[in-house]
Each structure stands twice: as structure tokens, then as C-alpha cells.
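A structural walkthrough
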Amino acid sequence: MANIVWHTKLRIHLDLTLDDLGHEEHEGLWDMVYGMDRMYAARAVPVAERDLQCGGVCQEAGVVAPMHLRMRNERREAVHERREDEDRHTVTISDEHKAYQERILRAAEAGGFCGDNEVRTRVGRSWIQTDTLIEGADGLRVGWEVQLSTAGTDGPRSVRARAAKAQKNGITPAWHTDRNDYAHRHDTHWTRSNNLPAHVIAKIGDLRVISGFRKLDFWHCDLHADHPCPHGVRRCGKYHATPVPKDVLFDDLVRNTAAGTIVPVQFRTLNKTHRFWATRADHNRYNDLLNNDHQLPAVTEDVRTPSRASHNHPTCRPDLTTTASVTATPTTLQTPTDRPSGLLVVQPTAPVLETTASQALGESALADQARSANAGPESLETLIELQRAANAARNALQRLSDHEERERQQYVLLEAAQSAQAAITRYATSQGLNRFDVQQTVRGAAHDT
Ligand SMILES: [Zn+2]
Ligand SMILES: [Zn+2]
């Protein structure tokens, strides 16, 4: 079964979870479509010729999957004709995939950005499904898609089309993989990390992006140049740009793409378009170069290299439930200035939390922690309060320019954001509600007042 059906003649998606199938302008649409399908069935018209196809998972995978409709226990259902199409819907998300999704959310939140997993964004009569959607600075939205070795050997189809659709609708696509062959496709700006087991991905230690991020070298095409002239064998006397592979930490990539300081670049050579990520400063200089290659493009921005040298080993991951309950009592924590400074420089997110939590929590705080772990679900008002606190922390962060103050405030924000997120999760679980819906409601309410 599936919830979304594509009607090939009417050329619309039908959302079976909605009374009006998502088309209030067409009254009685279900009765019409269902009646027609019944009639076809009575006339023994093959399912494949009945105008209905899976408009969800199968369509996204580039597969034409015929469907028919039925009523079961007063519920509308669409059924795949073929078993193999049905199976496509039940592919479980691997632990590695989940670990990446969690890591993206955590990294973003530590940078002052929020996001959610498995987000469906409506665009006109269809939608965009995103593994993890991060709400970045100034309305920037980054849509992470994780494609791992565990996903099968064929690889994702119609990546170019999906990425283009996202881009067109204001979502910057960010596809990440652990496979060499995907990383070398030029259909989108792939980034790649090593093939790692879930428990390592979930850890808070360094996770490197080994391809997909590049630095642009700008150089003068004369006899002293290291690179060959891209236009021919002679030295042309103009300026050129050459992309050079560069390491970046995955968490930094998540945060900087959300901040808009790392952006996707389309780099054109004579016969190919290369797609990769680069700093916004490099991107701007590249555009300047395309406009005028007779002078070296000026450096217009203070470029903070997003990748910092780090030799720390992956460390233990703080237990998530403990983290949630600890952060539910942020006032009992000492200020971040008390923690060992070395930790902050390398990984400002969870190691700090872990160390601070274990060192700074006194006995009464631990009691609070135990109490809050056992406490019942919060009320909606509590959630809104927590969200307001997170909003306030985020606003405060945006006003700061001093590096140290920002890092300190990022910590405060991390605490507040995690409290709010954890409370929303507990609330949604306890009430049997969709987590994303709860989050939207809470955010809306916290924003309005
Ligand atoms: Zn399907
Ligand atoms: Zn040249």
C-alpha cells in the first residue's frame, strides 16, 4: 500500500491521507477516481492500463508501478500491482543512515540551526521528500540526502532531477555518500566519507569528508605557473582558477552550509561541469574571474577556513537519553568557561556537554536529572516555553561577533535547543503524534508571542 497515487491522465498526485485527496478544487474526486477504477476492474482492464501509478517511493526511484484502489475497513487504500514495488516501500532505513541523520541534526543545532528528519515539503501539487532538512541562516534551507553502500548497488536514480527540483524550490540539495562510485557522479554536489559502521558515525569524534569539498587556487598563467593553461599548451597571460581537493569535517560542513559560508559551485571546464562545495568567498572570486580574467579576483571576505586540523580520536557518544534529561535542567550547569578549553576548540558540540555534564553536575543536579528522566510528559505550554528559550538563545547568538562569546553562546543555545527538541520528542511519543507536526505547532506558537 501507499498513500500517494499519480493519476496519469489527470496528471495530479492524489494524497489518500486527505479527505479531498489534496485537491479541494475538485469536489468528489475520490468517488470519481475510485468509481472509474472499479469499472475498469469489472471490465477486466489490466491494472497497468488504469491510469494509476505509485506517486511516492516508486516514482521517486524512477519506477513506473501500477496501482489499483480499494476500500478496506472504511479506509481508502492504493495497492501496488507487483510485489516488488510494494517491497520498495518497506526497505528499512539502515542504522548507518539513521546515525547520519542524527549527526546532521546535532551538528546543525550546535551551530544554532534547527532541522528535522523525513520532511515532506509541499510544492504545488507534488512535494519534496528530504532525509534531513536544515533551516539555515536567512531562510536558507539545506536538504540532506544520505546514500550509503547499504542502499544497494544500483544507486539512486534521477538524482539530477530531484536535486534540481529541490534547488528550484529553495532547498539547497546536499547529497552525502560513503561510496566512491556515487561520489564521482557529476549529477549533484556529492560529498563522501569513509564507509563507517553506525556506532562510529554516531560518535562525536571527527568525521571527515574526504571528497566533494574544494578550495579554488587562483593563479596567473605565465611561465612560473604550476598548472597547465586550461585553454591550450601556451601561456595565455590571463588568470585561472583550479579546484584543489580539501578536507573538511562533516559537522563543519553541515554548519557552514546552513550558515551559507560553504556553497555549491558549478565549475565549468572545456568539456565538463564539475559540481562540488567551496567557501562562499571562493565562489564569489570565481564569479569575478568569469567576468574578468585579466586580473586576479580580489579577496572580498575574511575567509575562515572551515576545516581545522584535529588529531583527536573519536570519543564515546553521550547517551542520548541522559543528554536529554541533563539538558532539561540547564540552569544547574556551570558556565562553559569552567570546562577545559582544549575540548572546545576541537569539537564544540558534544564532548563539551559530556565533560561539563559529568564534572559540573553536583548531587542535587543529578537528583534533578533523575527526576526529569522519570517525569511525565510536559504540557504544550512547557514546550512553547522551552522553544522560546531556544529562540532567545539563537537571537542572542546572532547579535554576537566576538569569537569567544559566540562559542560560549553556542553552548547555551545547544543546551536550550536540545531541551526543546527532547521535550518535543517526548511529548509527541507520549501523545502518539507526528513529531514534525508538534514541532511546527510549537515553533509557530513560540514565534507568535
Ligand atoms: Zn510504490
Ligand atoms: Zn592560460
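Note that the structure is a prediction, hence the values are computed from the model and not measured.

Definitions and limits used
Counting restarts for each chain: residues are numbered from 1 in the order of the written sequence. Key to labels: chains lettered from A, ligands numbered from 1, both in the order written. Owing to the predicted nature of the model, reporting of local features is limited to residues with pLDDT of at least 70; listing and counting of side-chain atom pairs is limited to 80 or more, with chain, interface and lining totals taken over all residues. Put simply, DSSP H or I for four residues or longer makes a helix, DSSP E for two residues or longer makes a strand, and each gets a number counted from the N terminus. Any residue whose C-beta has 12 or fewer other C-beta atoms within 10 Å is treated as exposed, any with 20 or more as buried, and any in between as partly exposed, C-beta atoms being built from the backbone. Throughout, a pair of residues is in contact if the C-beta atoms placed from their backbones lie within 7 Å. At least two bridges found by DSSP between two strands are what make those strands a pair. Note on definitions: angles span 0 to 180 degrees between N-to-C directions of axes, and those axes are lines fitted to C-alpha atoms, for helices only across the stretch in contact. Taken from the helix axis, the directions to the C-beta atoms give the arc we talk about.

Further remarks concern the overall build of the protein. When helices and strands are counted, the protein shows 16 helices and 16 strands. Buried positions account for 34% of the 449 residues belonging to the protein. Considering only intrachain contacts with a sequence separation of at least 6, the fraction spanning at least 24 residues in the protein is 60%.

Burial analysis of strand β9 (residues 171-177) places 7 of its 7 residues in the buried class, the great majority of the element. Here β9 shows two buried faces, one formed by Ile 171, Pro 173, Trp 175 and Thr 177 and the other by Thr 172, Ala 174 and His 176. Relative to β9, strand β8 (residues 141-147) is paired through 7 bridges, and the arrangement is parallel. Bridged to Arg 141 within β9 is Ile 171.

A few words now on the environment of Glu 77. Secondary-structure assignment places Glu 77 in strand β5 (residues 75-80). For Glu 77, a count of 15 C-beta atoms within 10 Å puts it in the partly exposed group. The spatial distance from the C-alpha of Glu 77 to the C-alpha of Ile 4 is 9.7 Å, given a sequence separation of 73 residues.

Pairing in this open sheet of 3 strands is antiparallel, and the strands run β2-β1-β3 from one edge to the other. In the strand order of this sheet, the two ends are held by β2 (12-15) and β3 (52-54), each with one partner. This sheet shows a mean twist of 35° between the axes of neighbouring strands, independent of strand direction. When strand β1 (residues 4-7) meets β2, the two strands line up antiparallel, connected through 4 bridges. Across the sheet, Trp 6 pairs through a bridge with His 13, a residue of β2.

What follows covers helix α5 (residues 159-168). For an α-helix, 3.6 residues make a turn, and residues three or four places apart therefore share a direction. Burial in α5 covers these residues: Arg 162, Ala 163 and Ala 166. On an axial view of α5, the arc spanned by its buried residues comes to 95°, and they lie on one face. Exposed and oriented more than 90 degrees from the buried face of α5 are Ala 161 and Lys 168. If you follow the buried residues of α5, they end up packed against β7 (126-135), β8 and β9. Looking one or two residues past α5, Gly 170 carries a phi angle of roughly 80°, positive in sign.

Bringing the sheet that holds β8 into the picture now. Reading across the sheet, the 5 strands line up as β6-β7-β8-β9-β10 and stay open at both edges, with mixed pairing between neighbours. On the outer flanks of this sheet lie β6 (114-123) and β10 (191-192), each paired with one strand and no other. Looking at chain direction, β7 and β8 are connected through 4 bridges and run antiparallel. Bridge pairing in β8 links Leu 133 to Gly 143. Across the sheet, α5 touches β7, β8 and β9, and the angle it forms with β9 is around 145°.

By the bridge criterion, 9 bridges tie β6 to β7 in an arrangement that is antiparallel. Counted as the bridge partner of Thr 121 is Ile 128 from β7. Between β6 and β7, which pair antiparallel and follow one another directly, the connecting turn spans 2 residues, one of which, Gly 124, has a positive phi of 60°.

Keep in mind these values describe shape, not function.
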